Amino acid sequence: MKKYSKTLQPLLDEKEYERIRRIIEKFAGAGGLGPKLQLYLMDRREKMDNWAYEYWLNDMYLNCRLPNPINSNPGMVFPPRKFTTILDVARFTARLIDAALNHKDILNLKALPVEKATSREPGQPLCMSQYYRILGCCRIPGRIRDAQYIAEFPKDGEQLSEHVIVMCRSQQYCVPVHAADRGRLTEDEICAQLLYILDDAPCLPDIKPVGLLTGWKRSLWAEAREDLMKEERNRRNLELITKSLLVVCLDEALTNNFNCRLQRGGKGFYAGSRDESNLAHQMIHGGGSQFNSANRWFDKTVQLIVSGDGACGLCYEHSMAEGVAVVQLLEGFWKHAESLPQSSDVPAACGSHLPPPERLEWILEASDMKRIEDAAQVLDDLIKDLDFQVYRYEGYGKNFMKSRKVSPDVYIQLALQLAYYKLYGKLAATYESASTRRFLLGRVDCIRSASPEALEWVKAMTQPRDEADDIGNKKVTFHLVSDDKKMLLWDDAVRQQTEEMVDNILGQGIDIHLLGLREAAKDTSPTAASPLPEIFTDPSYRLANRFLLSTSQVATGGNTFMGYGPVEPDGYGASYNPKNDHVIFCLSAFWSSEVTSTSKFAQSLEESLNAMHSLLSKRNEI
Ligand code: COA
């Protein structure tokens with residue numbers, strides 16, 4: 001409760017802060033409801049593997065009614081490939097699928113090595129359950145709350161039949177990749193199946209873009225799905241998609257001007273003349289109903305995306321696993337696919353006995369088609385509203401940050417605070433995901449970076465640096481806050497931020513705990529209508545949870561990156577990937593907001609990182 005009160009301090013004026021402090025004291029003090037709820041949680045802890053997981057999963061994902069794309073599903077971009085023929089596309093994609101099958105074989109044996117923490121109490125084993133929920137899983141829409149389909153694993157010696165769904169021109173094809181009676185398809189055989197699809201899909205006249213429904217508001221999609229399920233054929237299609245290992249999207253390129261904004265910072269890579277921001281749009285949402293958004297199944301945990309112009313990436317449904325687990329897996333697939341020389345031989349299996357893959361045919365009423373149109377409208381509006389850009393800061397990277405004896409993650413979080421303050425003259429509640437995999441079924445807690453110490457430091461950094469006064473012809477410069485003072489405040493802010501980060505990854509964060517107390521209040525309330533304790537109904541609770549900066553570090557081995565949308569209408573999404581000598585940011589906001597702009601934010605970030613560099617470079621000189 002002390003920590004919670006501290007997180008509110010930089011967000012409230014003194015009077016408001018005193019008021020909320022009294023509410024917190026009343027809740028937490030002897031005779032308050034807090035201690036009773038705490039006992040309830042401790043009892044729950046005795047009975048469950050992880051007392052928080054279900055509360056957290058529902059609150060974070062399954063209760064959310066917004067469309068999955070942009071609001072929840074991140075997109076990941078890989079460096080584009082060079083394809084000259086359709087065979088190149090099929091070969092590369094077949095290799096990705098082959099890598100996924102290799103991985104699934106390991107999962108089926110439950111043989112994934114247990115990872116260990118490498119810092120902050122190194123050697124602690126990390127929970128691996130997320131890794132077993134990536135292939136073969138799917139989110140299922142519900143009218144009030146969504147559910148998850150979690151893949152089953154074979155019992156000893158059991159052979160599973162496995163398939164993938166390939167989407168091309170908004171059509172779904174089921175490609176069996178592992179038959180119980182004949183074993184696994186070879187890469188050549190998968191390639192032949194993909195070639196068939198690439199050939200077949202463009203010739204189909206009657207396109208029914210059912211996939212668009214998965215990008216709709218969750219409750220509406222749930223209702224639509226219930227109606228679809230009334231037809232046996234549709235039911236079977238949905239089951240095939242739900243249970244598939246993954247979805248592969250064979251895409252068309254977006255137009256060059258899809259994302260008409262000049263990319264700031266380093267150039268990065270291109271697919272033809274499409275820049276990284278354009279590519280990220282494709283991976284996050286598909287580009288709208290006119291492009292690839294119907295060529296998606298946004299409920300599926302993994303959607304591998306390969307586009308004719310060489311753009312490659314991933315869209316993933318977030319409720320099953322964190323980005324770190326998904327990135328690690330996908331980087332492995334890509335490495336496998338790129339490790340072998342590209343063969344342009346037509347696969348021998350082209351003439352084989354394998355039947356062509358089955359295209360899923362839907363039985364749709366006029367009401368279903370109307371729903372698809374409505375879903376397309378909602379998604380297209382959402383996509384039009386997304387202000388997104390990949391921003392490569394090339395000034396320096398984590399080598400410099402480490403040389404200043406600061407954790408790069410802490411450094412970048414403080415840079416984000418400074419960038420925000422420079423634009424708005426205040427701090428906002430900030431979310432950074434911290435992995436809690438040291439605990440069984442642990443996912444993430446929230447590192448709150450807007451601290452009183454950060455506020456003091458950003459205030460000092462934004463004091464007018466030079467004030468010039470004319471005395472005759474001479475200019476006199478006043479430094480309102482000395483560099484020494486800024487450095488002292490920086491040290492305080494770093495100390496606080498480091499403590500907050502370490503507390504979180506060691507399970508001493510406050511957000512999961514507060515959520516637990518809130519849910520415990522609901523569980524133990526005598527009637528459903530009983531009000532929540534004041535601490536959760538006071539506007540300060542909403543303010544503390546209105547994350548105008550939603551951030552996370554998504555470090556990757558190669559030159560890839562992951563981005564996502566903001567979580568508030570007036571907020572920013574900011575993922576970052578610190579490299580030795582540069583940092584890749586993915587910044588997002590909504591055009592409809594009158595207060596946000598990723599261009600302005602990128603500029604402010606650049607100025608902040610430059611100012612921090614010039615301050616901290618003086619460290620040895622002072
Ligand atoms: N001085 C010098 N170097 C330091 C340092 C210091 N004071 N503190 C840390 N470093 C070094 C580390 O040793 C490490 O070195 P390495 O690159 O050689 O391994 C490097 O800096 C990075 O450490 P740090 O910046 O502290 O970050 P981290 O890797 O420990 O990550 C979190 C911190 C919070 C991001 C991480 O613990 C986490 O939770 N990750 C998951 C985030 C997530 O879920 N993202 C996906 C959401 S979809």
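Above this text you will find the structure in question.
Residues numbered from 1 in each chain as written. Predicted model: local features only at pLDDT ≥ 70, side-chain atom pairs only at ≥ 80, totals over all residues. Heavy atoms only, no water.

A. Region of interest: the packing of aromatic side chains. Scanning the entire structure with this criterion turns up 25 aromatic pairs. Note on Phe269 and Phe561: the rings are 5.9 Å apart at their centroids and 20° apart in plane angle, and the pair reads as stacked. In this pair, Phe269 is assigned in the loop between β7 (247-251) and α9 (276-285) and Phe561 in strand β17 (residues 561-563), connecting sequence segments 292 residues apart. Of the residues examined, Phe269 reaches a relative accessible area of 11% and is grouped as buried. Here Phe561 falls in the buried class, since its relative accessible area comes to 2%. Their ring planes at 35° and their centres at 4.5 Å tell us that Tyr572 and Phe601 sit as a pair that is tilted. With Tyr572 in strand β18 (residues 572-578) and Phe601 in helix α19 (residues 598-617), this residue pair connects regions lying 29 residues apart in the sequence. Neither residue differs from the other here; Tyr572 and Phe601 are each classed as buried. (Phe/Tyr/Trp six-rings, centres within 6.5 Å; stacked < 30°, edge-to-face > 60°. Helix = DSSP H or I, 4+ residues; strand = E, 2+ residues; numbered from the N terminus. Buried < 20%, exposed > 50% of the residue type's maximum accessible area, 1.4 Å probe, protein only.)

B. Seen up close, the sheet that holds strand β11 (residues 386-393). Taken in spatial order, the 6 strands make up an open sheet running β11-β19-β18-β16-β12-β13, and their pairing is mixed. The sheet terminates laterally at β11 and β13 (444-447), the two strands that pair on one side only. Along the sheet, successive strands turn relative to each other by an average axial angle of 20°, direction set aside. Pairing of β11 with strand β19 (residues 583-590), which is carried by 8 bridges, proceeds in the antiparallel orientation. (Pairing = 2+ DSSP bridges. Axes fitted to C-alpha atoms, helices over the stretch in contact; angles between N-to-C directions.)

C. Molecular detail of the site of the ligand. Around the ligand, a shell composed of 23 residues is seen, among which Arg120, Ser407, Pro408, Asp409 and Ser435 lie nearest. At a separation of 2.8 Å, an oxygen atom of the ligand approaches a polar side-chain atom of Ser407. Between Pro408 and the ligand, the recorded distance is 3.2 Å, taken from a backbone N or O atom to an oxygen atom. Where the shell around the ligand is concerned, the elements lending two or more residues are α10 (323-339), α12 (398-403), α13 (408-424), β12 (430-435), β13, α15 (483-505) and β16 (549-553). Looking at the shell around the ligand element by element, the count peaks at 4 residues for β12. When the residues that make up the shell around the ligand are grouped by side-chain class, the tally is 9 nonpolar, 7 polar and 7 charged. Counting the residues that make up the shell around the ligand, at least three belong to each of domain 1 (65-112 + 128-384) and domain 2 (390-509 + 547-621). (Near = heavy atom within 4 Å. Polar contact = N/O pair within 3.5 Å; in protein donor to acceptor, adjacent residues only side chain to side chain. Nonpolar A, V, L, I, M, F, W, Y, C, P; charged D, E, K, R; others polar. Domains from an automatic or database assignment.)

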